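# Geometric and topological summary
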Protein chains: 2
Amino acid sequence: MACGKEVAKEIEWRIKVEEDDTLKRRVVGFMWAATAGVALKLWKFVKKAWELGVNDPRKFIHCLKVGVALSLVSLFYYWKPLYDGVGGNAMWAVMTVVVVFEYTAGATICKTVNRMCGTSLAGFLGIGVHWVASRAGEQFEPIIIGISLFLLASAATFSRFIPTIKARFDYGAMIFILTFCLVSISGYRVDELLDMAQYRMFTIIIGSILCIIVSVIIRPIWAGFELFVLVTGNLDKLANSLQCCVAQYFDGSEASDEESDKVSEKELLGYKCVLSSKATEEAMANLARWEPGHGRFNFRHPWRQYVKIGASMRSCASCLDALIGCINSDNKASDEMKKNMRSISMKVGAKSASVIRELATTMRNMTKSSKLDILVTEMNSAAQDLRSLLSSYPNLVNAPSHNAKRSAQTETAPSDIPQAAKVEIPLLQIIQVVTVASLLIEIVARVEGIVETVEELSDLANFQPEKRVKSKQHSPDSKISPDQQIDEETDRTLQMV
Amino acid sequence: MACGKEVAKEIEWRIKVEEDDTLKRRVVGFMWAATAGVALKLWKFVKKAWELGVNDPRKFIHCLKVGVALSLVSLFYYWKPLYDGVGGNAMWAVMTVVVVFEYTAGATICKTVNRMCGTSLAGFLGIGVHWVASRAGEQFEPIIIGISLFLLASAATFSRFIPTIKARFDYGAMIFILTFCLVSISGYRVDELLDMAQYRMFTIIIGSILCIIVSVIIRPIWAGFELFVLVTGNLDKLANSLQCCVAQYFDGSEASDEESDKVSEKELLGYKCVLSSKATEEAMANLARWEPGHGRFNFRHPWRQYVKIGASMRSCASCLDALIGCINSDNKASDEMKKNMRSISMKVGAKSASVIRELATTMRNMTKSSKLDILVTEMNSAAQDLRSLLSSYPNLVNAPSHNAKRSAQTETAPSDIPQAAKVEIPLLQIIQVVTVASLLIEIVARVEGIVETVEELSDLANFQPEKRVKSKQHSPDSKISPDQQIDEETDRTLQMV
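Just so it is clear, the model here is predicted, and its values are computed rather than measured. Throughout, residues of each chain are indexed from 1 in the direction in which the sequence is written. Ligands are numbered from 1 and chains lettered from A, in the order in which they are written. Reporting in this predicted model follows two pLDDT cut-offs: at least 70 for local features of residues, and 80 or more for side-chain atom pairs to be given and counted; totals over whole chains, interfaces and linings ignore these cut-offs and use all residues. Values reported for side chains reflect all heavy atoms of the structure, with hydrogen atoms and water molecules removed beforehand.

## Structural notes on a nonpolar patch on the surface
Residues and elements named next belong to chain A. Note the following rule: Patch building starts from residues that exceed 30% relative accessible area and form no salt bridge, then joins like charges within 9 Å and nonpolar side chains (Val, Leu, Ile, Met, Phe, Trp, Tyr) within 5 Å. Residue burial considers only the protein chains on display, and all accessible areas are found by Shrake-Rupley using a 1.4 Å probe. Here, a salt bridge means any side-chain nitrogen of Lys or Arg that lies within 4 Å of a carboxyl oxygen of Asp or Glu. Runs of E in the DSSP output that reach at least two residues are strands. Runs of H or I that reach at least four are helices, and both are numbered from the N terminus. The buried label applies to any residue whose accessible area, calculated with a 1.4 Å probe on protein chains only, is under 20% of its type's maximum; exposed applies above 50%, and partly exposed to all values in between.
On the surface, a cluster of nonpolar side chains totalling about 520 Å² of accessible area is made up of Leu40, Leu42, Trp43, Phe45 and Val46. Looking at where Leu42 falls in the secondary structure, it is placed in helix H1 (residues 2-55). Overall, the relative accessible area of 55% leaves Leu42 in the exposed class.

## Some thoughts on the pattern of salt bridges
The full count for this structure, using the stated rule, is 30 salt bridges over all chains. We note a salt bridge from A:Lys351 to A:Glu378, for which the minimum N-O separation is 2.7 Å. One end of the pair, A:Lys351, is in helix H15 (residues 335-365); the other, A:Glu378, is in helix H16 (residues 372-391), with 27 residues separating them in the sequence. Among the ionic pairs, B:Arg58 bridges to B:Asp56, the shortest N-O distance being 3.1 Å. Using a relative accessible area of 8% as the deciding quantity, one classes B:Arg58 as buried. Salt bridges sharing partners connect three or more residues here, namely A:Asp56, A:Arg58 and A:Glu226.

## Section: the UniProt feature "transmembrane region" (unreviewed entry) in chain A
All names here are of chain A. Short version of the rule: UniProt positions are given in the numbering used here, feature names are shortened, and annotations may be inferred rather than shown by experiment.
The positions UniProt marks with the feature "transmembrane region" (unreviewed entry) are residues 63-79, 91-110, 143-162, 169-187 and 199-218. Taken end to end, residues 63-79 is 88% helix and 0% strand, and its two terminal C-alpha atoms sit 24 Å from one another. As annotated, residues 143-162 comprises 85% helix and 0% strand, and the C-alpha atoms at either end are separated by 29 Å.

## Quick look at unusual backbone geometry
For A:Met366, which is not glycine, the phi torsion reads 55° and is therefore positive. At B:Asn462, a position not held by glycine, the phi torsion is positive, near 50°. Checked against the element boundaries, B:Asn462 lands in the loop between helix H18 (427-460) and strand S2 (464-465).

## Regarding a negative patch on the surface
Residues and elements named next belong to chain A. The test is simple: The convention is simple: Lys and Arg are positive, Asp and Glu are negative, and His and the chain ends are not counted. By convention, the point assigned to a charge is CZ for Arg, NZ for Lys, CD for Glu and CG for Asp.
Taken together, the side chains of Asp373, Glu448, Glu452, Glu455 and Glu456 present a region of like negative charge at the surface. Looking at the negative patch, the element that brings in the most residues is helix H19 (residues 427-460), giving 4 residues. Inspection of the secondary structure puts Glu452 in helix H19. Residue Glu452 is classed as exposed on the basis of its relative accessible area, which comes to 53%.

## Brief notes about the domain arrangement of chain A
All names here are of chain A. How we decide: In this entry, domain limits derive from an automatic or database-based domain assignment. Contacts are assigned to residue pairs that have any heavy atoms within 4.5 Å of one another. Simply put, the buried area is the total loss of 1.4 Å probe accessible area from both parts when two parts are fitted together. Two N or O atoms count as a polar contact when they lie within 3.5 Å, although within protein this holds only if one can serve as hydrogen donor and the other as acceptor, and sequence-adjacent residues are included solely when both atoms are side-chain atoms. Think of it as three bins: nonpolar holds Ala, Val, Leu, Ile, Met, Phe, Trp, Tyr, Cys and Pro, charged holds Asp, Glu, Lys and Arg, and polar takes everything else, Gly as well.
As assigned here, chain A comprises domain 1 (61-217) and domain 2 (223-405 + 418-466 + 484-496). Taken together, the contacts link 11 residues of domain 1 with 7 residues of domain 2. In total, about 850 Å² of surface goes out of reach between domain 1 and domain 2, with carbon and sulfur atoms giving 70% of it. Connecting domain 1 to domain 2 are 0 salt bridges. Inspection of the region where domain 1 meets domain 2 yields 1 residue pair in polar contact (both at pLDDT 80 or more). Going through the elements one at a time, helix H6 (105-135) and helix H8 (163-185) are the ones with two or more residues in the side of domain 1 that touches domain 2. Residues belonging to the side of domain 1 that touches domain 2 are distributed by class as follows: 7 nonpolar, 3 polar and 1 charged.

## Some details on the relation of the copies chain B and chain A
This is how the line gets drawn: For this overlay, a least-squares fit was computed on C-alpha atoms, restricted to residues scoring pLDDT of at least 70 in both copies.
Turning chain B through 180° and shifting it by 0.1 Å along the axis lays it on chain A, with an RMSD of 0.3 Å. In symmetry terms, the pair is related by a two-fold rotation axis. Both copies contact each other with a shared surface, as 99% of the interface residues of chain B are interface residues in chain A too.

## What about the interface of chain B and chain A?
Taken residue by residue, the interface counts 76 residues in chain B and 76 residues in chain A. Between chain B and chain A, the buried area comes to about 6400 Å², and carbon and sulfur atoms account for 79% of it. In terms of surface lost to chain A, no three residues of chain B exceed B:Phe158, B:Phe161 and B:Leu427, which account for 10% of the buried area on that side. Across the chain B-chain A interface, the total number found is 2 salt bridges. The closest approach of N and O atoms between A:Arg446 and B:Asp321, which form a salt bridge, is 2.8 Å. Applying the counting criterion to the chain B and chain A interface returns 8 residue pairs in polar contact (both at pLDDT 80 or more). The element contributing the most residues to the side of chain B that touches chain A is helix H2 (residues 57-78) of chain B, with 13 residues. Here the side of chain B that touches chain A is built from residues that sort into 50 nonpolar, 20 polar and 6 charged.

Structure, rendered in structure tokens:
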């Protein structure tokens, strides 16, 4: 019995140990798995973030710039004479740098100007109210200050809803409220306040100037230039999408390998960037007008016009979107009709694309293009050809079908088609082709809209005629080479995606 | 002689006085004009701002809320026990209120959480770095602090570029940098720092809680509800635009008086709001997820899905934009063909519009619609009818033209048309109608895209089947009456315009 008990105990113990072991192993395994999972997630996140920076190294540079500006401003703490010089108010210089330093120079300047104006205006008002209140006796002081605080804060908050103020002075209004509150309700005497206000203003100015200097001198990122690159890049994307879409529709089968498929797919969908960049364009245009002249852009460069160009591009892109939708619909077209329309439709596509590309070039070179008028005329005449090709069709419907073969030979001469392509095609089969043609004609009309807005820009910004500028173009004066532009554009693209 | 001199002098004097008078009058006149001009401009500005507020009284309310929050927080200055209670750090409570109080509850909560997390995280890190640095000796202290400042500030700045962090913790990252700088470089001893950090954290929490309470209790403006109103309103606008556009094209001459012209013009262009509200939708969706449950929306309501619905609407709207472009083009259609297509095209337009409207109703009632499937089927069958009407056309082209008159009588029965409308119409004249029909079919396909996204929403948000909810709908439980919704929507519309 005793032996049996011992055996039983041993077995129990073994089971217990084994259970403990299993539990331990499970817990350890679980913890390992959890740690590995977290590490993997973290690794993926870091990798993604790193790629973000590698794709656009200017982001890394911006981070370093922030580090430099903060290190510089922290000298006001470390260097005793500087610290005493601002009466121990160095904190405000640091705060200014942290709050004001933005990605683009325009945003930084906008915020510094806002901060300085808001602070000084509110400072004066606050001291005034404080002075009045302090004369009104101890009883009325908090009442006067409270009421003025309530009214001014409400009014300043409301001003932030007004579009013109929101676009330019939103931050200034907030700083106004902040400073007014701090000055008017702080329990100091007025002469102390004046001293403090003086130091605070001084430190804010120091911080602001430091920010502007670092932002503008070390590899500046100009909002205006970003806008310029975005809009010209979008023009190219729109041109590529348009040409690619028409070519794919009429030459559909030719694209063969996967690689080129991917490339053309990316090109085809480039117009989506155009459709989605409204908010960015508006933000950039608002910031760009704070910037001084840089590169080839003057201080008063008509940045608002870029927003208009963007709008006209979007109008064209939404038509292209409809076109691509129709092409992808079930409704398939007759090959015969497609063949007949092929050359002339592709011509319309190519001509419109070259007009859009010429507009991009015009903007990049900042010259009045000598070719543009010719290209527009060619585009319009191609559209006219497409229209006449369509109008020649009623003659065809009732003709004998044995002439069909001749159509391929004569398709490059649209005026011959009425005699040549005498085939009877059911209406259902021509719907898609007719829609494509009709949308192409509409796109041509909208491309003319883009031409108009770009021409307005060339008038507003005094673009020079091409020939007189040609020599200038290759001089070292022009800081932005087309290659550099394209590089930065690629960055931008990746940023957008 | 003497007399002559005197006379001359008097004349001189008179001339001088007269000249002086003229100058004086001119200066006074100029100053009056300038003052009047400035006053007029100011008056216009104030009037415009006032109208902005009258159109959306919630803006006024928001301003008053800011005033209330600031008045409450300023009690920390006026009331001695409170002032001493936070160790004279009341400034941070005021700053928190000014900086954190935003228009929507979601934005306020987002900023408060960001501010609290950023401050506490940076505070701990800053104190840690300060402690390490203070042990390293006087020589190395500024070096250690400087390097850690540079690295952490750069890293935090970079994190603001990462989309997921930018969408949720942009403000927190900025506050992190700010607090870390202030704590790590301020020349205090660590125990002083701990005290200060404690008070500062405490005042920030007080300010934050005050903001959240005022923002949520006094007429709260929920970002989620705004998004909901925007998206459902846009659905209605899209439906109206679509129906209005088709009706205007096929019934063009019927609209007569100027008043109704203006109304229908506004309705027609409603889709432009859909095209331009991408940025607003995304911002609102980002803020909405910070909000607690409100009205009929849970805490985890799938707000991102509203952005997807918005995207599918925009896809439909851009097709509609192309359609309107084609309708306004020079290419006019044959009246005969237009007449034949009229009833069925208008049916397609009306059916699509009613599907879109039903989707809006579904979203407003938060129910699974029982009618939706039928409406979609009807829309598709109308589109199919349009397709078959088009496919019946080839039979017509060669028919005698004396049957044309019969077409008018039978146009309501599309299946009869192939026998009835036997007229020969040149292709050029049918291009526009064919394009319109083809784009209508494409629009139907895209409306189905909207249906899909809304159905995904109804699954994600667990919409109940209509019948079971019907009784609930009219109970006082549902805080938002349809009327109220429509009112707020009108506000929103005016705001958007």
